[in-house]
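This is what each chain is made of:
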Amino acid sequence: MSTENLPQSPEQPPRKPRVAVVFGGRSSEHGISVVTAGAVLRAIDRTKYDVLPIGITQDGRWALTADEPERMAIVDRRPPNVEQLAESDEGGVILPVDPANREVVYSEPGSVPKVLGEVDVVFPMLHGPYGEDGTLQGLLELSGVPYVGSGVLASAVGQDKEYMKRVFTSFGLPVGPYMVIRPREWQLDESAARKKIVDFAGEHGWPLFVKPARAGSSIGITKVDDLGGLDEAIEAAQQHDPKIIVEALLRGREIECGVLEFDDGPRASVPAEIPPVQSHAYYDFEAKYIDSTPGIVPAPLTPEQTDEVRRLAVEAFEAASCEGLVRADFFLTEDGNFVINEINTMPGFTPISMYPQMWEASGIPYPELVDRLVQAALRRSTGLR
């Protein structure tokens, strides 16, 4: 019998790419990660993508969370957490470990596991260790799932301030004076380790900045004006990382620049300036996220200075083998030279964060920025590249 006149089944529309927005995590930057993810969830184009929010609790459980970005905001100066958003106190999300299978599964004790569907790309809105440092990126590489941002090596380099500076120095980028105290040094001889810092201060002068070597968002950082505050600063840094880095004060202006990967390579945004914060000793966590100290975009620089800092930002991106996005932070010293302080491979990404603001001023609004990053990740394969 001819099927020519029989009704035909309508073609199924193509499935929208599914984006898993992963946030929270085990680091001290957990709350800021939740805030950042809320901004991305608000901005991502729901007509173009299916979205699966996955929160990682502070003890490391992967939780299925409500898609309610309005609950992911700082309230009464307190950042949110994944535990407040999790749909269950016990359920867990399981990523595939087989590159041939991208199905995500949700499991609760005593219940049949539920398949949540395939994930096409992960947007890892994690800051700090156990997320921004290459650990999650390694898991996603094993799973064969594309993801936004830098790979394992660049993420690890971008998280560890010591090795970041070593890489920059090897590529001829200017860095400021610093020294590192490793955990073993402190454990074997505290007095000798402390003396190294005092000798460093004798060479470069007070104040010094004592920092966790592998943390971000200005958490655990202390500006130390003299010997009397040193032990307390070391203790504060070691609460977040047993390895600490000590940096000399660089007198000058704080300048930031965003880097975004385009089809033809990385490009730099207009730069921004972080003005001195009168109510804070320096641009610390509260100045960044609680009091929302505004930056100046674009930075009031000469055309030559603007070109130079943009060039250096792209060079830093390339030196560390970064992908996707980076925020590069500099000092413009009193003698007129730029010194790179650090890069962030997953910078603060709320609409008031400096990275999106710099790209907004460069002609790419926040929703388009999110879309560009997702599209770049979808085009990029996992594995060696």
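Here, every reference points to the structure presented above.
Remember, predicted model here, so these are calculated numbers, not experimental data.

Chemist: Give a description of the environment of D189 that names residues and reports values.
Modeler: Mapped onto the secondary structure, D189 falls in the loop between α6 (183-188) and α7 (190-204). In the structure, D189 is positioned 130 residues away from D59 in sequence and 32 Å away in space, judged by C-alpha atoms. Here the side chain of D189 touches A192 through a polar contact of 3.0 Å, landing on its backbone nitrogen.

Chemist: Run through empty space enclosed by the protein, naming residues and quoting values.
Modeler: The tally for this structure, following the rule as stated, stands at two cavities of 30 Å³ or more. The computed volume of the largest cavity comes to approximately 80 Å³. Every residue lining the largest cavity is listed: E29, G128, E132, G158, Q159, K161, M164, A215, G216, E342, I343 and N344. Per element, the largest residue contribution to the lining of the largest cavity is three residues, and it comes from strand β16 (residues 338-344). Across the lining of the largest cavity, the residue classes tally to three nonpolar, five polar and four charged. Inspection of the lining of the largest cavity shows a minimum of three residues originating in each of domain 1 (18-149) and domain 2 (158-175 + 251-345). The space that makes up the second largest cavity amounts to roughly 60 Å³. As for the second largest cavity, its lining consists of P124, L126, G131, E132, Q137, V148, G149, S150, S155, T345 and M346. Looking at the lining of the second largest cavity residue by residue, the classes come out as four nonpolar, six polar and one charged.

Chemist: Tell me what's going on with the sheet that holds strand β10 (residues 222-224), and back it up with residues and numbers.
Modeler: Across the sheet, which stays open at both edges, the four strands sit in the order β8-β11-β9-β10 with antiparallel pairing between neighbours. Looking at which strands have only one partner, the edges of the open sheet turn out to be β8 (178-181) and β10. Adjacent strand axes in the sheet meet at a mean angle of 25°, parallel and antiparallel pairs treated alike. Across four bridges, the pairing between β8 and strand β11 (residues 244-248) is antiparallel. The residue of β11 that forms the bridge with Y178 is E247. Packing of α7 onto the sheet brings it into contact with β8, β9 (208-212) and β11, and relative to β8 it is tilted by some 175°.

Criteria and thresholds
- Note that residues are indexed from 1 along each chain, following the sequence as it is written.
- Local features in a predicted model are, by the rule used here, given only for residues with pLDDT of at least 70; side-chain atom pairs are given and counted only at 80 or more, and totals for whole chains, interfaces and linings are based on all residues.
- Each side-chain value is worked out from all heavy atoms of the structure, with water and hydrogens disregarded.
- Per the convention used, a helix needs a DSSP run of H or I reaching at least four residues, while a strand needs a run of E reaching at least two, with both numbered from the N terminus.
- As used in this structure description, the phrase polar contact means that two N or O atoms lie within 3.5 Å; if the pair is within protein, one of them must be able to donate a hydrogen and the other to accept it, and residues adjacent in sequence are counted only when both atoms belong to side chains.
- A 1.4 Å probe that fits into a set of points on a 1 Å grid over the protein atoms alone but cannot get out defines a cavity; an open set with protein on both sides within 12 Å along at least five of seven lines defines a pocket, and lining residues are those with an atom within 4 Å of a point.
- Grid points are joined across faces, edges and corners, and a volume is the space filled by probe spheres set on the points.
- Following the grouping adopted for this structure description, the nonpolar residues are Ala, Val, Leu, Ile, Met, Phe, Trp, Tyr, Cys and Pro, the charged ones are Asp, Glu, Lys and Arg, and the polar ones are all others, Gly among them.
- All the domain ranges listed were derived from an automatic or database domain assignment.
- For two strands to pair, DSSP has to find at least two bridges joining them.
- The angle between two axes is taken between their N-to-C directions and runs from 0 to 180 degrees, where each axis is a line fitted to C-alpha atoms and a helix contributes only its stretch in contact.
- In this description, contact between two residues means that some pair of their heavy atoms is separated by no more than 4.5 Å.

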